[in-house]
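Commentary on secondary and tertiary structure
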Amino acid sequence: MSLVTPEKIRSLQRKLYVKAKAEPAFRFYVLYDKICRADILLHAYRLARANAGAPGVDGMTFVQIEEQGLETWLSGLAEDLATKTYRPDPVRRVMIPKANGDGERPLGIPTIRDRVVQTAAKIVLEPIFEADFEDTAYGYRPRRGALAAVKQVHRHICRGHTNVVDADLSRYFDSIPHSDLLKSVARRVVDRNVLRLIKMWLKAPIEERDADGTRRMSGGKGNTRGTPQGGVASPLLANIYMNRFLKHWRQSGAGEAFRAHVVAYADDLVILSRGRAAEALTWTKAVMTKLGLAINEAKTSLKDARKERFDFLGYSFGPHWFKKTGKWYLSASPSKKSSQRFKTRVSEMLVPANVAPWEDVRDELNSMLLGWSAYFSYGTRGYAYKHVDWHVYQRVRDFLARRHKVRGRGTVRFSCDNVYGTLGLIRLERLPRSVPAVGHT
């Protein structure tokens, strides 16, 4: 099925964006009927289907919905919305490893029914708030992404903004005050039925299961903070609230006062200054406190990017050494943590219990390698590519030698030329450089 946005929906989104962009003070009173539209709910279902994901608390899967009849299911959902009888189910919470490898974070899994309604709301609301978002925000936005933020950070340090605030917010998604968030939404959207939907999602109970299967409930109507990570609407709501900080940064003239730029990706942000990072950090702490948020003191630091590196969105920024000339230059490269996490994924895949045919193993490995290299395609990546290639080769060689009961380490039968040639494994160092390198690789 095509995930291209139907022209009728795209036309609506364009109109909403143009209106919001042209009239920054305009408030939208009639939007709920758009969320209930059959074509928008169908497209929302298709988007949710493409994103897959585990079932929510009701155990319902996409396959079951389609076996029972998708058209009937969507009609029932539209009826519940139209008659205002729709109520969100509890959100199933699971703990997953953090992307940076530092512990775990809670992930909320709504039911498919709730995911579809949240997606429909996002289809309608996102164009309105896109018109308001600051250019310094890159996370969870159309036609933007982490690589664009990485490039912007690198540009700033190369232009002399090397005094850096490497900031970390304490439990941002869990800390957003509901009342202030709803006020932020209401500055643009005053359709009470839409606001009611958002409030219900924020107040949805959280279901957790202990190791022994015991069910525990939290959150609910008494909850006053947080938007569960994992909900379709959560990234948009998180961006709306973070925009208060970014907009205040611009309107207050903080950038000029601190000779600084801020680059944000959801709750990850860095401030890049010309010598006034400490003052920028003090200002930021005060503003975040007013917003009901907090800086994680233990994980927030000041860095001189000319002398030491800092990590942001999986990249490491700062001084890099070019061995051939013996000179230092400012660049960005895959961080050590990013490389190590990928190596760990490869090792976990190539275990003795993996008895899949080599062709399947190879294809999965190649897909992983292409995905990793697509993200880490900017800056200085030759060193990281070389070390990842060597790790992958060693693990593959051991895997194949063990499978074929080859004596010794298998370096003859499964040489580099054989693994990367005849056996068809992708070698990162030999991939075309689709994105120009910065500095030296």
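Structure: see above.
Residues numbered from 1 in each chain as written. Predicted model: local features only at pLDDT ≥ 70, side-chain atom pairs only at ≥ 80, totals over all residues. Heavy atoms only, no water.

**Concerning the packing of helix H9 (residues 178-186) against helix H11 (residues 234-251)**
Between H9 and H11, the least distance of the axes is 10 Å, while the angle of their chain directions is 90°. Between H9 and H11, the interaxial angle falls into the category roughly perpendicular. Residues Asp180, Leu181, Ser184 and Val185 of H9 form the contact with H11, whose own contacting residues are Leu237, Ile240, Tyr241 and Arg244. Its residues placed into classes, the contact of H9 with H11 shows five nonpolar, one polar and two charged. (Axes fitted to C-alpha atoms, helices over the stretch in contact; angles between N-to-C directions. Helix = DSSP H or I, 4+ residues; strand = E, 2+ residues; numbered from the N terminus. Parallel < 35°, antiparallel > 145°, perpendicular 65-115°, else oblique. Contact = heavy atoms within 4.5 Å. Nonpolar A, V, L, I, M, F, W, Y, C, P; charged D, E, K, R; others polar.)

**Quick look at the environment of Ala356**
Positionally, Ala356 belongs in the loop between helix H14 (336-349) and helix H15 (358-375). Counting along the chain gives 36 residues from Ala356 to His320, while the straight-line C-alpha distance between them is 41 Å. Residues within four places of Ala356 in sequence aside, it is in contact with Val361 and Arg403.

**Structural notes on the packing of aromatic side chains**
Here the distance between the centres and the angle between the planes together describe a pair of aromatic rings. Applying the stated criterion across every chain, the model contains 21 aromatic pairs. Three or more aromatic residues link up through ring pairs in this structure, and these residues are Phe310, Tyr315, Phe317, Phe342, Trp372, Tyr375, Phe376 and Tyr385. We note Lys19 situated over the ring of Phe26; from NZ or CZ to the ring centre the distance is 4.5 Å. (Phe/Tyr/Trp six-rings, centres within 6.5 Å; stacked < 30°, edge-to-face > 60°. Lys NZ or Arg CZ within 6 Å of the ring centre and 35° of its normal.)

**Thoughts on the pattern of salt bridges**
As enumerated under the stated definition, the model contains 24 salt bridges in all. Asp80 is paired through a salt bridge with Arg113; the nearest N and O atoms lie 4.0 Å apart. One end of the pair, Asp80, is in helix H5 (residues 70-82); the other, Arg113, is in helix H6 (residues 112-130), and 33 residues separate them in sequence. The salt bridge partner of Arg141 is Glu130, with a shortest N-O separation of 2.9 Å. (Salt bridge = Lys/Arg side-chain N within 4 Å of Asp/Glu carboxyl O.)

**Here we look at the sheet that holds strand S3 (residues 163-168)**
Within the open sheet, the four strands sit side by side as S6-S7-S3-S8. Their pairing is antiparallel. Each of the sheet's edge strands pairs with one partner strand only, and the pair in question is strand S6 (260-265) and strand S8 (301-304). Taken pair by pair, the neighbouring strands of this sheet meet at an average axis angle of 20°, ignoring direction. With six bridges joining them, S6 and strand S7 (residues 268-273) adopt antiparallel strand pairing. (Pairing = 2+ DSSP bridges.)

**Some points on the sheet that holds strand S11 (residues 327-334)**
Strand order in the open sheet formed by three strands is S9-S10-S11, and the pairing between neighbours is antiparallel. This sheet does not close on itself; its edge strands, each paired only once, are strand S9 (310-312) and S11. Strand-to-strand, the axes of this sheet are offset by a mean angle of 40°, without reference to chain direction. By the bridge criterion, eight bridges tie strand S10 (residues 315-322) to S11 in an arrangement that is antiparallel. Bridge pairing in S11 places Phe322 opposite Lys327.

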